[in-house]
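# Residue-level structural notes
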Amino acid sequence: MWKSIVTRVRVAGVTSTSRLQTQLLLRTFSQAADQEVIQDDSADKDIDNPASRVKIAIPFWAVGTVIGVKGGNIEKIRRDCETSIRISEYGDFFPGSRDNVCLIEGDSENVVDAVHKISQCVRNTEIPESFKFPEGAKSRQRGVKLIFPKSLSGLFIGKGGEDQRKIQEEFSLETFHVQHRNTLTEDCTERSIFIKGEEENTRQAVNYVIEKLESNPDHKLERKISYGNIGNTERETLKLHRLPQNPK
């Protein structure tokens, strides 16, 4: 699967990006190809009813760091946290973004630990100064983007965005932003929330969001990590932006 994607990227030349971005993409997903078997094994595990299920969005340029050489880093996170972890294919991004989707399942405490370890990998990803819009990428890597059921948006927005502002102030965050509806298709049942601030403040806010979601009886996050069948709104949106995007 991943190997065929790398081949297509080489043939296409990723014309919408610079040569440096193309090289970064190839390196990232060549590493992903090395750990294809690991991902397939995770998908086969019997985890229909895990204690906790969380999705985190990973910017495409950080996937290689998260996975590591021959899948070594993601395997270590999976082993240390005793969780199941799956990452979507290149090009199969969450609607309205250039982010791969990472599904983490297991005991609640272990899942939260894995979320923070993966977020730290994103923070530690080296962004070349010659990368298009490096400041946007640096801003993105300082935050964490979680994916949650769209039906629970009211938990974090409130009337006129009041709850959104309160949460941002409570945790002294730079950004607490729920994804705009106009970047989603009608049949998309999920939405993202971007949390950015000082590392410890971000960590606490992420813990708060996950706990608030999982304590809600209507929190039913699907296991899918592929969004290719949702529609073309996200693909049309992406044509209007160069990579990487500033999430604000």
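Now for a description of the structure that goes with this document. (Residues numbered from 1 in each chain as written. Predicted model: local features only at pLDDT ≥ 70, side-chain atom pairs only at ≥ 80, totals over all residues. Heavy atoms only, no water.)

### Some remarks on helix 10 (residues 199–214)
- The first and last C-alpha atoms of helix 10 sit 23 Å apart over 16 residues, in line with the 22 Å expected at 1.5 Å per residue.
- Thr202, Ala205, Val206, Val209, Ile210 and Leu213 are the residues of helix 10 that are buried. Each buried residue of helix 10 lies within a common arc of 135° when the element is viewed along its axis, so the set occupies one face.
- Here the buried face of helix 10 lies against strand 1 (52–59), helix 6 (108–124), strand 4 (143–149), helix 8 (154–157), strand 5 (175–178) and strand 6 (190–196). (Helix = DSSP H or I, 4+ residues; strand = E, 2+ residues; numbered from the N terminus. Expected span 1.5 Å × (residues − 1). Buried < 20%, exposed > 50% of the residue type's maximum accessible area, 1.4 Å probe, protein only. Arc of directions from axis to C-beta. Contact = heavy atoms within 4.5 Å.)

### A short note on the packing of aromatic side chains
- Under the counting rule described, the total for this entry stands at 4 aromatic pairs.
- When the ring of Phe94 is compared with that of Tyr227, the centres are 5.2 Å apart and the planes differ by 75°; the resulting orientation is edge-to-face. Of this pair, Phe94 sits in the loop between strand 2 (84–87) and strand 3 (99–106) while Tyr227 sits in the loop between helix 10 and helix 11 (233–239), and the two are 133 residues apart along the sequence.
- Relative accessible area serves as the criterion here: at 1%, Phe94 is assigned to the buried category.
- Judged by relative accessible area, which is 1%, Tyr227 ranks as buried. (Phe/Tyr/Trp six-rings, centres within 6.5 Å; stacked < 30°, edge-to-face > 60°.)

### Observations concerning the pattern of salt bridges
- Evaluated as defined, the whole model comprises 13 salt bridges.
- A salt bridge links Glu75 to Arg78; its shortest N-O distance comes to 2.7 Å. With Glu75 and Arg78 both in helix 5 (residues 72–81), this residue pair falls 3 residues apart, about one helical turn.
- We classify Glu75 as partly exposed; its relative accessible area is 27%.
- Take Arg78: its relative accessible area is 6%, and that puts it in the buried class. (Salt bridge = Lys/Arg side-chain N within 4 Å of Asp/Glu carboxyl O.)

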